Amino acid sequence: MNLQAKRAEYARNAVLSASPARLLTMLYDRLLLDLARAETAQQEANWPVASENLLHAQDILAELSGTLKPGVWEGGENLQAIYAYSLKTLMNANIGRNAVLTRECIDLLEPLRATWHEAAALVPALGATPSAAMTPGGTLGVG
């Protein structure tokens with residue numbers, strides 16, 4: 001088995017064995033990585049790389065949005081609006097080759113990433129299942 005295949009298998013196993021809270025933080029980590037890569041590529045006028053990363057970031061946002069249950073917890077509708085705004089902004093960043101719009105999304109989504117990491121870190125301390133500990137309604141708001 002070559003190194004690339006081993007990495008792919010490790011990543012697959014990490015995803016399959018991750019808790020819901022860990023999956024959410026993994027998605028946010030990759031989302032922000034894609035946006036950072038896209039911003040760098042835009043600044044270097046490397047449009048194919050920028051586009052590839054922006055499209056992957058949009059896929060992640062679509063997944064987060066599609067699994068969100070806005071009616072389950074009080075902040076759900078606001079989070080849905082952030083996802084919708086970010087999707088639209090990233091489409092415009094890609095079409096317009098605009099690194100400023102990409103940075104706007106990074107600045108908007110980074111605090112959410114940090115908050116989800118903090119919440120996920122509380123799950124073991126609370127002695128509860130990830131879904132019960134993450135929101136007032138008893139779910140992550142995703143699912």
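For the structure, see preceding data.
Because the structure is a prediction, the values reported are computed rather than measured.

Thresholds, definitions, all that
Residues numbered from 1 in each chain as written. Predicted model: local features only at pLDDT ≥ 70, side-chain atom pairs only at ≥ 80, totals over all residues. Heavy atoms only, no water. Helix = DSSP H or I, 4+ residues; strand = E, 2+ residues; numbered from the N terminus. Buried < 20%, exposed > 50% of the residue type's maximum accessible area, 1.4 Å probe, protein only. Contact = heavy atoms within 4.5 Å. Areas by Shrake-Rupley, 256 points an atom, 1.4 Å probe, with all protein chains shown as cover. Core = buried A, V, L, I, M, F, W, Y, C linked by side-chain atoms within 4.5 Å. Axes fitted to C-alpha atoms, helices over the stretch in contact; angles between N-to-C directions. Parallel < 35°, antiparallel > 145°, perpendicular 65-115°, else oblique. Left-handed = near helix turned anticlockwise from the far one by under 90°. Nonpolar A, V, L, I, M, F, W, Y, C, P; charged D, E, K, R; others polar. Salt bridge = Lys/Arg side-chain N within 4 Å of Asp/Glu carboxyl O. Expected span 1.5 Å × (residues − 1).

Another point: the overall build of the protein chain. Helix and strand counts for the protein chain come out as 6 helices and 0 strands. Expressed as a percentage of its 143 residues, the buried residues of the protein chain come to 34%. Of all intrachain contacts in the protein chain linking residues separated by at least 6 positions in sequence, the fraction that spans at least 24 positions is 61%. Of the roughly 8,200 Å² that the protein chain leaves accessible, carbon and sulfur atoms contribute 58%.

One recurring pattern in soluble globular proteins: nonpolar side chains tend to sit buried together. Formed by 23 residues in total, the largest nonpolar core has its most connected members in Tyr28, Leu31, Leu35, Leu79 and Leu109. Elements that contribute at least two residues to this core include exactly helix 2 (20-43), helix 3 (47-67), helix 4 (76-95) and helix 5 (99-126). The greatest single-element share of this core, amounting to 6 residues, is contributed by helix 2. Excluding residues that lie within four positions of it along the chain, leucine 109 makes contacts with Tyr28, Leu31, Leu32, Leu35, Leu61, Ile82 and Ser86.

Relative to each other, helix 2 and helix 3 sit at 155 degrees, their axes nearing to 8 Å. Taken together, the axis directions place helix 2 and helix 3 in an arrangement best described as roughly antiparallel. Helix 2 and helix 3 meet at a crossing whose hand is left-handed. Only Trp47, Val49, Ala50, Asn53, Leu54, His56, Ala57, Ile60, Leu61 and Leu64 of helix 3 make contact with helix 2, whose side of the interface consists of Leu24, Leu27, Tyr28, Arg30, Leu31, Asp34, Leu35, Arg37, Ala38, Ala41 and Gln42. Here the residues of the contact of helix 2 with helix 3 sort into 15 nonpolar, 3 polar and 3 charged.

As a further point, take the pattern of salt bridges. Where side chains of opposite charge bring their charged atoms close, a pairing between them can arise. Tallying each qualifying case throughout the model produces 5 salt bridges. In this structure, the salt-bridge partner of aspartate 34 is arginine 30, at a minimum N-O distance of 2.7 Å. Of this pair, aspartate 34 and arginine 30 both sit in helix 2, 4 residues apart, which is roughly one turn of that helix. Given the relative accessible area of 0%, aspartate 34 is considered buried. The residue arginine 103 makes a salt bridge to aspartate 107 at a minimum N-O spacing of 3.0 Å. Placement of the pair is arginine 103 and aspartate 107 together in helix 5, with a separation of 4 residues, close to one helical turn. By relative accessible area, arginine 103 is classed as partly exposed at 34%. Linked by salt bridges that have partners in common, Asp29, Glu110 and Arg113 make up one network.

With that settled, the discussion passes to the packing of helix 3 against helix 4. Look at helix 3 against helix 4: their axes get within 10 Å of each other, and the N-to-C directions meet at 165 degrees. The orientation of helix 3 with respect to helix 4, classified from their angle, is roughly antiparallel. You can see that helix 3 and helix 4 cross each other, and the crossing is left-handed. Between helix 3, through Ser51, Leu54, Leu55, Ala57, Gln58, Leu61, Ala62, Leu64 and Ser65, and helix 4, the contact on the second element is made entirely by Gln80, Tyr83, Ser86, Leu87, Leu90, Met91, Ala93 and Asn94. Each residue belonging to the contact of helix 3 with helix 4 can be placed in one class, and the counts come to 11 nonpolar, 6 polar and no charged.

Now for helix 2. Its 24 residues place the ends of helix 2 35 Å apart at the C-alpha level, agreeing with the 34 Å of an ideal helix rising 1.5 Å per residue. Taken together, the buried positions of helix 2 are Ala21, Leu24, Thr25, Tyr28, Leu31, Leu32, Asp34, Leu35, Ala38, Glu39, Ala41 and Gln42. Looking one or two places after helix 2, you find alanine 45, whose phi comes out positive at around 60 degrees.

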